Amino acid sequence: MRPATLARLAVAGNRTDTLRTILTALSALLATVAMLAAATVLTITGWAERYTNPLLIEPGLRPGVSATLILVALPVLALAGQCIRLGAPARDRRLAAIRLAGATPRESVLIATAETAVASLLGSVAGLVAYLVARKVIDRPALPTDILPPAPVIVLLVLLVPVLAAAAGAVLMRQVIVTPLGVERRIRTRGPRPWPGLLIAAGIVLFAVPTRLPEHINLSKNWVYAFLGSGVMLTMVGIVLGTGWISSTAGRLLRRYGRGPATLLAGQRLITDPWNGSRTMAALLAAVIAGAVALAYRELLATEFRYYDIYNAMMGSTDGGGMGAAEAPEFYYGAIRLVVVAVSLASVVAAAGVLIALAESIVARRRTYAALTAAGVPRRTLSAAVAWQTLTPLIPALVLALAAGDALVRLIDSEIPVGYEFRDCVAAGYGGCEAPRHPEMAQILHVPIPWGSLALLGGVRCWRCSSRSVPACWCCGPAPTSTSYEPARPRTSRVQAATKASSFQES
């Protein structure tokens, strides 16, 4: 197949395909801008006193800024992956028509992959243009607008998003068999297992290794970063993959103990496709874990600063000297606020991906919903079923993500003893320990759990994902076209009809 023909077929389609192309290109644009900004920060060398932002002046803080920007880019890439699945039924019919016209199976898969790659390439090029224009428009000493990453790095980042999108499209097409008469999809018959819990445990153990080693064992900085990064990544992967088991278990519980057709429909759907939660909520859960880590670390820093104040008061250092951090507390709090802002932006993008996936699933099953409506199931029941299907796996997964993020930070330190140094000082007979006098009773500063902030973090994410799930069902499919009207059926018959219709398979 010639490249021109491939490109023309890749951009063809109906309005849904055009919407998918626009959303994929927009996601690629945002991801490219974020990664180029991260590369620009890493390009700065040495002490950059020409900038006014202290996070850019010190060389040791710039990797953290770049990591924060990459954190913003990851949910955007996940959003691009969600956009790939938008309009899947119409695309399947178009691929079947192309096969009927004489295309080979490999060419049909190549066309489907090229759709995503072309849209991502357009978005990446637009992102590069937006980045270069923003450098000229935003010319402030607080931002590194005077340097550019090396040309090979720019080319690599611009091509990275289309390559990843094409690879994701190819992986998704592995489960699809395109024939001239339709499209067949391979599905998993075996339900998920709770083995991702082992990944969570392994991640926590790896994260705890640098903080629990004896004092005579000194690890290099690279090894410490490797243990901490591996622990966080394993924990995130375990929670994301464990969402499938949570969905399957929640579906079985709803089907067994649910009352009413809404819970029965939601339970059967969760059992039929338990991996939908892992696909749609991966970026959201990763953002929640990162936000929980940032909030818990802020409480740890606040406890350490309180410890410095108490210790200096015990030692009589009231003139600003004594023990303390390298910078003022506001500097560290500002860095954490930057991370929280990045996590908020990432969670908004991730929540948008969840809503897109929810709308795509409703459109893909519109015939099933139309059949349920024709069987007598009210639309209010269908809306409630979608709400149950969305919230039932989401709430436990959010609680697990918040608990894991807080637990990782508490492995560093959960309590800081105060007073033991003062007692040792008095026992050794050093001068200055008794002025001013301090109670000899030792005390322990416990690092508090930020319950309010964690609840706000999880509650806002849950609300963003569920606020539109109920009214979204009103576009689930056309109502029956018959002009006859049937009175409302008794409750028992509706339950039976919903239970029977839950086993329908959409064509």
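Cut-off values and rules
Residues numbered from 1 in each chain as written. Predicted model: local features only at pLDDT ≥ 70, side-chain atom pairs only at ≥ 80, totals over all residues. Heavy atoms only, no water. Helix = DSSP H or I, 4+ residues; strand = E, 2+ residues; numbered from the N terminus. Buried < 20%, exposed > 50% of the residue type's maximum accessible area, 1.4 Å probe, protein only. Contact = heavy atoms within 4.5 Å. Areas by Shrake-Rupley, 256 points an atom, 1.4 Å probe, with all protein chains shown as cover. Phe/Tyr/Trp six-rings, centres within 6.5 Å; stacked < 30°, edge-to-face > 60°. Axes fitted to C-alpha atoms, helices over the stretch in contact; angles between N-to-C directions. Parallel < 35°, antiparallel > 145°, perpendicular 65-115°, else oblique. Left-handed = near helix turned anticlockwise from the far one by under 90°. Nonpolar A, V, L, I, M, F, W, Y, C, P; charged D, E, K, R; others polar. Core = buried A, V, L, I, M, F, W, Y, C linked by side-chain atoms within 4.5 Å. Salt bridge = Lys/Arg side-chain N within 4 Å of Asp/Glu carboxyl O. Patch = residues over 30% accessible without salt bridge, like charges linked within 9 Å, V, L, I, M, F, W, Y side chains within 5 Å.

Draft legend 1. Focus on the overall build of the chain. Counting its regular elements, the chain contains 18 helices and 4 strands. With 507 residues in all, the chain has 42% of them scored as buried. Partitioning the contacts of the chain with sequence separation of at least 6, the portion at a separation of at least 24 is 82%. Surface exposure of the chain reaches about 26,600 Å², of which carbon and sulfur atoms provide 65%.

Draft legend 2. The packing of aromatic side chains, seen in detail. With the rule as written, the count across this model stands at 6 aromatic pairs. With a centroid separation of 5.8 Å and an interplanar angle of 85°, the aromatic rings of Phe-305 and Tyr-333 are classed as edge-to-face. Here Tyr-333 lies in helix α13 (residues 329-364) and Phe-305 lies in helix α12 (residues 282-315), a separation of 28 residues in the sequence. By relative accessible area, which is 10% here, Phe-305 ends up buried. Relative to Tyr-308, the ring of Tyr-307 lies with its centre 5.7 Å away and its plane at 55°, an arrangement referred to as tilted. The two residues Tyr-307 and Tyr-308 agree in class, both being buried. These aromatic residues form a ring-pair network of at least three members: Phe-305, Tyr-307, Tyr-308, Phe-331, Tyr-332 and Tyr-333.

Draft legend 3. Representation of the packing of helix α2 (residues 15-43) against helix α6 (residues 105-137). Taken N-terminus to C-terminus, the directions of α2 and α6 make an angle of 45°; their axes are 7 Å apart at the nearest point. The angle between the axes of α2 and α6 places the two elements in the oblique class. Relative to α6, α2 is oriented so that their crossing is right-handed. Side by side, α2 and α6 meet where Arg-20, Thr-21, Thr-24, Ala-25, Ala-28, Leu-29, Thr-32, Val-33, Leu-36, Ala-37 and Thr-40 of the first sit next to Glu-115, Thr-116, Ala-119, Ser-120, Gly-123, Ser-124, Ala-126, Gly-127, Leu-128 and Tyr-131 of the second. A per-class count over the contact of α2 with α6 returns 10 nonpolar, 9 polar and 2 charged.

Draft legend 4. Region of the structure containing the nonpolar core. With 22 residues, the main nonpolar core has Ile-239, Leu-285, Val-288, Ala-401 and Leu-402 as its most contacted residues. At the level of elements, α9 (221-257), α12, α13, α15 (379-410) and α17 (451-466) are the ones that each hand at least two residues to this core. With 7 residues, the top contributor of residues to this core is α12. Residues Val-76, Leu-157, Val-158 and Ile-356 belong to the second largest nonpolar core, which totals 18 residues.

Draft legend 5. Structural detail: the pattern of salt bridges. Within this structure, the stated rule accounts for 3 salt bridges. A salt bridge links Glu-115 to Arg-20, with the nearest nitrogen and oxygen atoms 3.1 Å apart. Here Glu-115 is found in helix α6, whereas its partner Arg-20 is found in helix α2, with 95 residues between them in sequence. Comparing Glu-115 with Arg-20 shows no difference in burial state: the two are buried. The salt bridge partner of Glu-330 is Arg-337, with a shortest N-O separation of 2.4 Å.

Draft legend 6. How the structure looks around a nonpolar patch on the surface. On the surface, a cluster of nonpolar side chains totalling about 830 Å² of accessible area is made up of Leu-121, Val-125, Val-129, Val-133, Val-137, Ile-138, Leu-143, Val-155, Leu-159 and Val-163. Those elements that place two or more of their residues in the nonpolar patch are α6 and α7 (151-173). Note on placement: Val-133 falls in helix α6. Residue Val-133 is classed as partly exposed on the basis of its relative accessible area, which comes to 46%.

Draft legend 7. Seen up close, the environment of Leu-402. Among the secondary structure elements, Leu-402 is positioned in helix α15. For Leu-402, a relative accessible area of 12% translates into the label buried.

Draft legend 8. Structural view of the environment of Thr-21. If you trace the backbone, Thr-21 turns up in helix α2. Along the chain, Thr-21 and Val-118 lie 97 residues apart, while their C-alpha atoms are 8.5 Å from each other.

Draft legend 9. Representation of the packing of helix α10 (residues 261-272) against α15 in the model. With their axes 8 Å apart at the nearest point, α10 and α15 run at an angle of 50° to one another. Classified by the interaxial angle, the pair formed by α10 and α15 is oblique. The way α10 lies across α15 gives a crossing that is right-handed. In this structure, α10 contributes Pro-261, Ala-262, Thr-263, Leu-265, Ala-266, Arg-269 and Leu-270 to the contact, and α15 contributes Thr-381, Leu-382, Ala-384, Ala-385, Trp-388, Gln-389, Thr-392 and Pro-393. Partitioning the contact of α10 with α15 into residue classes produces 10 nonpolar, 4 polar and 1 charged.

Draft legend 10. Region of the structure containing the environment of Leu-128. With respect to the element layout, Leu-128 can be found in helix α6. A C-alpha to C-alpha distance of 9.8 Å links Leu-128 and Leu-30, two positions 98 residues apart in sequence. When residues no more than four places from it in sequence are discounted, the contact partners of Leu-128 are Thr-32, Leu-36, Ile-154 and Val-158.

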